[in-house]
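Per-entry structural report
As a plain string of letters, each chain reads:
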Amino acid sequence: MAFSMYSSGKSTVPLRTNINVPPVQGQTLFMPAYCEVMNSLGIKIVSVFPKNVEKNKSVVSATMILLDAITGEVCCLLDGTYLTQLRTGAATGAACDLLARKGAKIGALVGTGGQASSQLEAMLTSRHLEVLKISGLNYKKTIIFAENMRKLYGHFGTNIIAVEHPNEAVVDADIITVVTSSKTPVFDGTLVKKGALISGVGSYTPFMQEIDEFTVCNANSIFVDSLDSVLVEAGDLIIPLDKGLIGKDKISGELGDVLLGKLKGRKNEEEIIIFKTVGIAIQDIITADAIYKKAVSLGIGTETKF
């Protein structure tokens, strides 16, 4: 719904404002949006502070502020951290559903941070994977993460295993999801098999680059959540564009246009496809609005007078 609303021009989604916090290498992003059709209005404030790992705190934390689209008054404050995990995982799930091979059996997940669990769930939900290989920065932590994922998602019947290096995860994978804050590519693109779908989730600035240039150049199709956003925020695409390795015509279009039937997704079983998402606020406000209305109907939440 959010992607189709965005790509059909039925929402107002300004580019997010990104404020750097150099002393701790952190960033805070302000993401507003309005969708008249859904009567949804709001802004999400999300902070990405990598050094929080040292404090045993979440690297990504967020708050969602939902406004009444008739009066402009704040009507709800939500946990934006979980909201971000939910809608970002859903984006990969939609991409897998539309763009991955129907017979996909092997998955790879690179990254074990706060977004990783929902990404893994999305992959398992969209395809009946037999094996899912996980790689993170710290192998011991990756083993623990894999154990936790087996407990959470064992009902899918997928063999979830930890591997030491991203390249081990990527080999033979039909679906590759990358969710890191890396500024350098995390796997060797020459190992990507024909027919694979790569979902690039983590990088959201012009200087972050999870996916190597070979993979980008070698891909048959590249779909994005927002063309406007990725061209100013996604280092995975901006870096090869600036080097002249690809042109803007390399980007096939937005996922919303595939949903609307304006573009064809996967054309054959041999295509290597990239889905690049930086996250757009229309996802947040539509998801938050649905949660808010459900909470009101169930009498859940705390009412506060300002």
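Residues numbered from 1 in each chain as written. Predicted model: local features only at pLDDT ≥ 70, side-chain atom pairs only at ≥ 80, totals over all residues. Heavy atoms only, no water.

Take the pairing of strand β11 (residues 221-224) next. The side chains of a regular strand alternate, first on one face of the sheet and then on the other. The two faces of β11 match: Ser221 and Phe223 on one face and Ile222 and Val224 on the other face are all buried. Strand direction decides the pairing type here: β11 and strand β13 (residues 273-276), joined by four bridges, are parallel. Its bridge partner being in β13, phenylalanine 223 is matched across the sheet by phenylalanine 275. Direction of pairing for β11 relative to strand β12 (residues 253-254): parallel, over a ladder of two bridges. Paired with phenylalanine 223 across the strands is glycine 253, a residue of β12. (Buried < 20%, exposed > 50% of the residue type's maximum accessible area, 1.4 Å probe, protein only. Helix = DSSP H or I, 4+ residues; strand = E, 2+ residues; numbered from the N terminus. Pairing = 2+ DSSP bridges.)

Read across the sheet, eight strands follow the order β8-β7-β6-β9-β10-β13-β11-β12 without closing on themselves; strand pairing throughout is parallel. The outermost strands of the open sheet, each flanked by one partner alone, are β8 (159-162) and β12. Of the pairings in the sheet, the one linking strand β6 (residues 106-110) to strand β9 (residues 175-178) comprises four bridges and is parallel in character. Across the sheet, residue valine 110 finds its bridge partner in β9, namely valine 178.

Attention shifts here to unusual backbone geometry. Its identity as a non-glycine residue notwithstanding, glutamine 25 has a phi of 55 degrees, on the positive side. Counting through the fold element by element, glutamine 25 comes out in the loop between β1 (17-21) and β2 (26-35). Even without being glycine, asparagine 39 reaches a positive phi, approximately 55 degrees. If you trace the backbone, asparagine 39 turns up in the loop between β2 and β3 (40-48).

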